[in-house]
Amino acid sequence: MNTCDALSISKETTLEALKKLFGFDTFRPHQEELVHGLLSGKDAFGVMPTGGGKSLCYQLPAAILPGTAVIVSPLIALMKDQVDSARSNGIKAAFLNSTLAPEEAQEIEASYVSGDLDLLYLAPERLSLSTTVDLLKKNAAGRPSFIAIDEAHCISEWGHDFRPDYLFTSRLKEIFPESPLAAFTATATELVAEDIENRLNLVSPVKIRASFDRKNLFYEVVSKRDASTQIVEFISQRPQQSGIIYRTSRKSVEETANMLVANGINAAPYHAGLPAEKRSTTQDAFIRDDITVMVATVAFGMGVDKADVRFVIHADLPKNIESYYQETGRAGRDGEPSHCLLLYSAGDLGKLRFFIDGMHEEEEKVRARQLLASMDAFASVPSCRKISLLNYFNESCETTNCGSCDYCAGSFESVDASRDAQIALSAIMRTNNRFGAIHICDIICGANTAKIRQFEHDKLKTYGVGKDKPKTHWRSVIDSLLAAKKLDLSQDKFPVPQMNDAGMEIMFGREKFQLAVDKRVVPEKAKHRAEEIECDTDFFHYLRDMRKEIADLEGVPPYVVFADRSLRAMAAYHPASNTDLLTIPGVGQNKLEKYGERFLVEIRDYLINHPELKALKPSGKKQAAPAIKKGLTETFRTTQEMLGKSMSPSDIASERGIGVSTVEGHISRLISEGETVNWQEFISAETDKLCRELFAEHGRQALKPTIEAANGKLTYGQAKIIAAVMDLE
């Protein structure tokens, strides 16, 4: 189609197609300009946030124009989701990738050649094959109607997700000079956007740079103390809401998903190490609401068309702001209020720096460090989160208080920190601006490190003057000074804070310095002692009588069914479903399947006959929350199966090639998670009695005094097992 033919497509025709295919009467902001640009034969470039409707901008023109448009897409899962969505709207779409059988691929290729497709999705790797280029020339027009590059930031080396496979797209103008070229991305700074435009050789494109302000998203950053407890408490306040939790490693994804399931939350893991079929079925289950919470690495989410994600949690620090913004943008795509929580820890920063140090290209390291420094500043320095994000993308904010972040909602208060700022500035000046923030904090806190001894920094006047406050406080002081431009950051390979004139004004008392202090209460770790669970005594004894009946029928001691602590928790929290019951301490999956239904029926019937009972004790005293369960991975389940075959810990250790202490650690964890373990088979009554007596004498905060007092009659592993049993009694 030439430009004149394209211009003959009226706005009325476009709106009719919009209504017919997508059910919309009008375009969202900026969509119309990009759609009409492609329909008129022009190149186009859209930088639009997630949820802004980018896919419509190329799907609608593809359906209207004769021939087939080609969409370059980076992920197989993204292609499938986009194709399914397009087909549901009546658009003829297909993809070519490695998941297809040869005969399926041949059928799709034939459909392209005959012009029976509106859209053909290709991965950049497949696009670069000479056979694919030849295929794209075989239709009636000898070319695609247009070519759209999705996730176009992948072509830029300045982008957060550069992929060499995308570089072939820079040749598309040369190969298909008559096909309009379009680029779309949700995250691109002005530098990245300019690089994309130059690499693709776009000719006078219709350019749209939409606002990065997602007004329906609430941004919150919280210090990471006990991530499992923080995550469970956050999700528990949002029952049945769809959410995504991002973790940096496959191992942490698995552990977090297991932990959530153990605590009665419908969750599943997603990462690149899982089989492709498993990833696909898990993603589909999440989209269909069969899974409520997806725990994933960054391999998940790109292009996933689920509009009602109500929260996104980053349980680890992202590598850069672009990734963070793109991932949080998967919340609230329907425009409804949604929450973005980031758990921040300086320890995560160290892990990411270690990863960066392992990169081979020096320029790549420099870029990665710069991007990470911006992410760390966003997370560590309290200020309006929206303003910080918008400023990063070179966009100004209309107000000084966005009203939709933790800072603007009043989670921080400003306090005079002039004295602390003077201490930090003095330490930096006395070390000649040569050392990083971590070392400066060590000096102030009086740490005894090899580096401090090497440079004799223990002789400085500032050594140890701030030991009454944690290092995290002093790090926040330095970060805040940097953010306020009261310190500069060197341009070295490893940047360090350096004094400037503004800092001198504070250090010599000529200017005050204010520090934003977090007013939020840090969640405490859940307590584990049974006596702290208050409940109705009659209800508790009713459940004990029922437990005794079951135990007598099975010929086992009552505690094998459920420990007293489990029954107290049931009497206190009144579980009404399997999900509720899994949150009870001492209730694991096996016991749930074996005894869950009967206990739920009895609890329900008892409450019907005693309507005066409430889930909280009538005295009004706040109940202790159930302990957060960690969940069990495959290695624990393997030990559990072998125990079920009456194998001893030493037998299991020998067969699995691991230490006996490791197996005993597995057993104590199984008991803590409420799984059935007949521990008396390998721990004698005498050993149990001795351990309990020594615990009574020495306490259980540390096992070493108990083990030493046992004079070789008790191992650490046995003590851990007995401690786990006592926790549930």
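In this report, we go over the structure that sits alongside the text. (Residues numbered from 1 in each chain as written. Predicted model: local features only at pLDDT ≥ 70, side-chain atom pairs only at ≥ 80, totals over all residues. Heavy atoms only, no water.)

### Overview of the overall build of the protein chain
Next, step 1: The helix and strand tally for the protein chain stands at 33 helices and 17 strands.
Next, step 2: Principal-axis analysis of the C-alpha atoms places the extent of the protein chain at approximately 95 × 75 × 55 Å.
Next, step 3: When the 729 residues of the protein chain are sorted by exposure, 51% land in the buried category.
Next, step 4: Put simply, of all contacts in the protein chain between residues at least 6 apart along the chain, 72% involve residues at least 24 apart.
Next, step 5: With an accessible surface of roughly 33800 Å², the protein chain has 50% of that area assigned to carbon and sulfur atoms.
Next, step 6: Of the side chains in the protein chain, 88 bear a positive and 101 a negative charge, and the two mean positions are spaced by 5 Å. (Helix = DSSP H or I, 4+ residues; strand = E, 2+ residues; numbered from the N terminus. Buried < 20%, exposed > 50% of the residue type's maximum accessible area, 1.4 Å probe, protein only. Contact = heavy atoms within 4.5 Å. Areas by Shrake-Rupley, 256 points an atom, 1.4 Å probe, with all protein chains shown as cover. Lys, Arg positive; Asp, Glu negative; His and termini not counted. Charge placed at Lys NZ, Arg CZ, Asp CG, Glu CD.)

### Some points on the sheet that holds strand β2 (residues 69-72)
Next, step 1: A sheet is described by the order of its strands in space; here seven strands give the open sequence β3-β4-β2-β5-β6-β1-β7, paired in parallel fashion. Both edges of this open sheet fall to β3 (93-96) and β7 (206-209), since each of them pairs with a single strand only. Each strand of the sheet is rotated relative to its neighbour by a mean of 15°, with strand direction disregarded.
Next, step 2: Pairing between strand β1 (residues 44-47) and β7: four bridges, direction parallel. Looking at the pairing, Gly46 lines up with Ile208 of β7.
Next, step 3: Packing of helix α4 (residues 54-64) onto the sheet brings it into contact with β2, β4 (119-122), β5 (147-149) and β6 (181-185), and relative to β4 it is tilted by some 130°. (Pairing = 2+ DSSP bridges. Axes fitted to C-alpha atoms, helices over the stretch in contact; angles between N-to-C directions.)

### Quick word on the packing of aromatic side chains
Next, step 1: One pass over the full model with this rule turns up 14 aromatic pairs.
Next, step 2: Measuring from centroid to centroid gives 5.3 Å for Tyr392 and Phe393, while their planes differ by 85°, and the two rings are edge-to-face. In terms of burial, Tyr392 and Phe393 fall into one category: buried.
Next, step 3: Taking the centre distance of 4.7 Å and the plane angle of 40° together, the rings of Tyr542 and Tyr606 count as tilted. Linking Tyr542 in helix α23 (residues 537-554) with Tyr606 in helix α27 (residues 589-609), this pair joins segments that are 64 residues apart in sequence.
Next, step 4: Positioned above the aromatic ring of Phe234, the side-chain terminus of Arg238 is 3.6 Å from the ring centre.
Next, step 5: If you follow Arg385 out to its NZ or CZ, it ends over the ring of Phe378, 6.0 Å from the centre. (Phe/Tyr/Trp six-rings, centres within 6.5 Å; stacked < 30°, edge-to-face > 60°. Lys NZ or Arg CZ within 6 Å of the ring centre and 35° of its normal.)

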